[in-house]
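Summary of structural features
Residue strings, one per chain:
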Amino acid sequence: MRSASVAAILAALSLPTLSADLTPGDFRALLAERDASAVVQSLDEASWNAFLTHVEAGDRGWIDLVPLLAAGTDSGTSESLIITLSRALRANPQGVLTVLATGGYAANDICADNEIEISTLDAVRFIDEALVKVAAVLDPALSEARNACLYALSDARIAALI
């Protein structure tokens, strides 16, 4: 009985909480060793928030990690990824469209105002800024994702005004 408890404690200690100062390369190395669920579960709140902050800022190395980590998210962390990708549209529309092009997310989820309790004016401002940024992406490989995003943003703008 006691050896089973010691084994359980040792197993729990083998998945340490990951530090907020991880780099995209660190995440890739972890994902090479573990599945996405184990990596996401090993992140404490500060580390997860640091990851989201990098993605929202439009840092391409961090945005590129989203499809790799998405499979390991639960409903709460999945929702936070969607909101963060939506916010990142203004900082790095090409990076976000690249994520959309992988097929892991729907344009209607990402290309919308995902803020909670926001004024109509702020929602329209956000959407208008995102529309301009997304429309400026002219990479032919991203044209399908760009067009789907522009359509979703246009719908979101109309919905915000109704």
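So, a few notes on the structure that sits alongside this text. (Residues numbered from 1 in each chain as written. Predicted model: local features only at pLDDT ≥ 70, side-chain atom pairs only at ≥ 80, totals over all residues. Heavy atoms only, no water.)

**Observations regarding the environment of threonine 53**
Convention followed: In this description a helix means any DSSP run of H or I spanning at least four residues, a strand means any run of E spanning at least two, and both kinds are numbered starting from the N terminus. Under the scheme applied here, a residue whose accessible area is under 20% of the maximum for its type counts as buried, over 50% as exposed, and between as partly exposed, the area being computed with a 1.4 Å probe on protein chains only. We define a polar contact as two N or O atoms separated by no more than 3.5 Å, with the added condition that, inside protein, one atom must be a possible hydrogen donor and the other a possible acceptor, whereas residues neighbouring each other in sequence contribute only through side-chain atom pairs.
Position of threonine 53 relative to the elements: it lies in helix H4 (residues 45-56). Residue classification places threonine 53 among the exposed positions, given a relative accessible area of 53%. For the pair threonine 53 and alanine 88, spaced 35 residues apart in the sequence, the C-alpha separation amounts to 9.5 Å. Within the local environment of threonine 53, its side chain forms a polar contact with the backbone oxygen of asparagine 49, the two atoms lying 2.8 Å apart.

**Looking at the packing of aromatic side chains**
What counts is decided by this rule: Between rings of Phe, Tyr and Trp, where Trp is taken as its six-membered ring, a pair exists when centres lie within 6.5 Å; planes separated by under 30 degrees are stacked, by over 60 edge-to-face, and by other angles tilted.
On inspection of all chains with the given rule, the structure shows four aromatic pairs. Residues phenylalanine 27 and tryptophan 62 carry aromatic rings whose centres are separated by 5.6 Å and whose planes lie at 75° to one another, so their mutual orientation is edge-to-face. With phenylalanine 27 in helix H2 (residues 24-33) and tryptophan 62 in helix H5 (residues 60-63), this pair connects stretches of sequence that are 35 residues apart. Given the relative accessible area of 2%, phenylalanine 27 is considered buried. Considering the side-chain rings of phenylalanine 51 and tryptophan 62, the 5.9 Å spacing of their centres and the 65° angle between planes classify their relative orientation as edge-to-face. One end of the pair, phenylalanine 51, is in helix H4; the other, tryptophan 62, is in helix H5, and 11 residues separate them in sequence. With respect to class, phenylalanine 51 is no different from tryptophan 62; both count as buried. Three or more aromatic residues link up through ring pairs in this structure, and these residues are Phe27, Trp48, Phe51 and Trp62.

**A few points about the packing of helix H8 (residues 93-101) against helix H11 (residues 143-161)**
Going by this rule: All axes are obtained by fitting lines to C-alpha atoms, using only the stretch in contact for helices, and the reported angles, taken between N-to-C directions, cover 0 to 180 degrees. Any angle between 65 and 115 degrees counts as roughly perpendicular, while under 35 counts as roughly parallel, over 145 as roughly antiparallel, and the rest as oblique. Contacts were defined at the residue level, with two residues in contact if any of their heavy atoms lie within 4.5 Å.
Across the interface, H8 lies against H11 with an axial gap of 9 Å and an inter-helix angle of 100°. Relative to H11, H8 is oriented roughly perpendicular. Residues Leu97, Leu100 and Ala101 of H8 lie in contact with H11, whose contacting residues are Ala145, Arg146 and Cys149.

**Things to note about the pattern of salt bridges**
Rule in force here: Salt bridge, as applied in this entry: a Lys or Arg side-chain nitrogen positioned within 4 Å of an Asp or Glu carboxyl oxygen.
Summed over all chains, the structure comprises five salt bridges. A salt bridge links arginine 87 to glutamate 56; its shortest N-O distance comes to 3.4 Å. Residue arginine 87 is found in helix H7 (residues 75-88), and its partner glutamate 56 is found in helix H4; the two are separated by 31 residues along the sequence. In this structure, glutamate 129 engages arginine 90 in a salt bridge whose closest nitrogen and oxygen atoms are separated by 3.9 Å. Placement of the pair is glutamate 129 in helix H10 (residues 120-135) and arginine 90 in the loop between H7 and H8, with a sequence separation of 39 residues. By relative accessible area, which is 27% here, arginine 90 ends up partly exposed.

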